[in-house]
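Structural overview
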Amino acid sequence: MFLFDETPIFSNPILVRDIGLDEALVLHQLNYWIEVNRKTGKNYHEGRYWIYNSIRGWKEENFDYMSLDTVKRIFPRLEKAGYLLTGNFNEDTKDKTKWYATNDEQLEALFWQLFEEKNQRKSKIRG
């Protein structure tokens, strides 16, 4: 029953190996919501689509299988690594809710780096 009761969580194994499982899951979930906004034309600022929530909101609504402390650690890690961009596009200047966008350029650079490393490993095996 547990295999079919809820929507499964997927992640790219290459990404998981490089940045960690929890970080990859968070990036994939944020990308999911950003794509929802792209399709509906919502939350477009500075040439990107964004998603926002509080850390507690992310934990409760998207990552209920993670501890709050884990979620609190993951977001700054992803920001520091350059995979997440942050902004504040709230109408109320007192609202400090962070907005997030994936840094597609950084993720593309990671993809090509990992792709090249994979090809080099294959060459060594053949050579």
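Please refer to the structure placed before this passage.
Residues numbered from 1 in each chain as written. Predicted model: local features only at pLDDT ≥ 70, side-chain atom pairs only at ≥ 80, totals over all residues. Heavy atoms only, no water.

Here's the deal with the overall build of the protein chain
Let me state the cut-off plainly: Helix and strand assignments come from DSSP, with helices taken as H or I runs of at least 4 residues and strands as E runs of at least 2, each series counted from the N terminus. Exposure classes here rest on a 1.4 Å probe applied to the protein chains alone. A residue is buried below 20% of its type maximum, exposed above 50%, and partly exposed in between. Here a residue-residue contact requires only that any non-hydrogen atoms of the pair lie within 4.5 Å. Accessible surface is estimated by sampling points in the Shrake-Rupley manner with a 1.4 Å probe; for residues, cover comes only from the protein chains shown. The positive count covers Lys and Arg only, the negative count covers Asp and Glu only, and His and the chain ends enter neither. A single reference atom marks each charge: NZ on Lys, CZ on Arg, CG on Asp, CD on Glu.
Tallying secondary structure elements over the protein chain gives 5 helices and 5 strands in all. By its C-alpha atoms, the protein chain is 60 × 45 × 30 Å across when sized along the principal axes. By residue count, 31% of the 127 residues in the protein chain fall in the buried class. Of the contacts formed within the protein chain by residues at least 6 apart in sequence, a portion of 50% connects residues at least 24 apart. Working note: accessible area of the protein chain is about 9,100 Å², and carbon and sulfur atoms make up 53% of it. If you average the places of the 19 positive and of the 20 negative side-chain charges in the protein chain, the two averages end up 5 Å apart.

Quick notes on a positive patch on the surface
This is how it is decided: By definition, no residue in a patch forms a salt bridge, and every one has over 30% relative accessible area; like charges are joined within 9 Å, nonpolar side chains (Val, Leu, Ile, Met, Phe, Trp, Tyr) within 5 Å. Note on definitions: salt bridges are taken to be side-chain nitrogens of Lys or Arg within 4 Å of carboxyl oxygens of Asp or Glu.
On the surface, R17, K118, R121, K122 and R126 cluster together to form a positively charged patch. The partly exposed category is assigned to K118, whose relative accessible area is 37%.

Digging into unusual backbone geometry
Its identity as a non-glycine residue notwithstanding, N43 has a phi of 60°, on the positive side. Of note, N43 is situated in the loop between α2 (21-40) and β1 (44-45). Even without being glycine, E46 reaches a positive phi, approximately 50°. As for its position among the elements, E46 is in the loop between β1 and β2 (48-49). The exposure class assigned to E46 is exposed, which follows from its relative accessible area of 67%.

Details of a nonpolar patch on the surface
Among the surface-exposed residues, F111, W112 and F115 lie close enough to one another that they form a single nonpolar patch of about 330 Å² accessible area. Structurally, the position occupied by F115 is in helix α5 (residues 104-126). Residue classification places F115 among the partly exposed residues on the basis of a relative accessible area of 37%.

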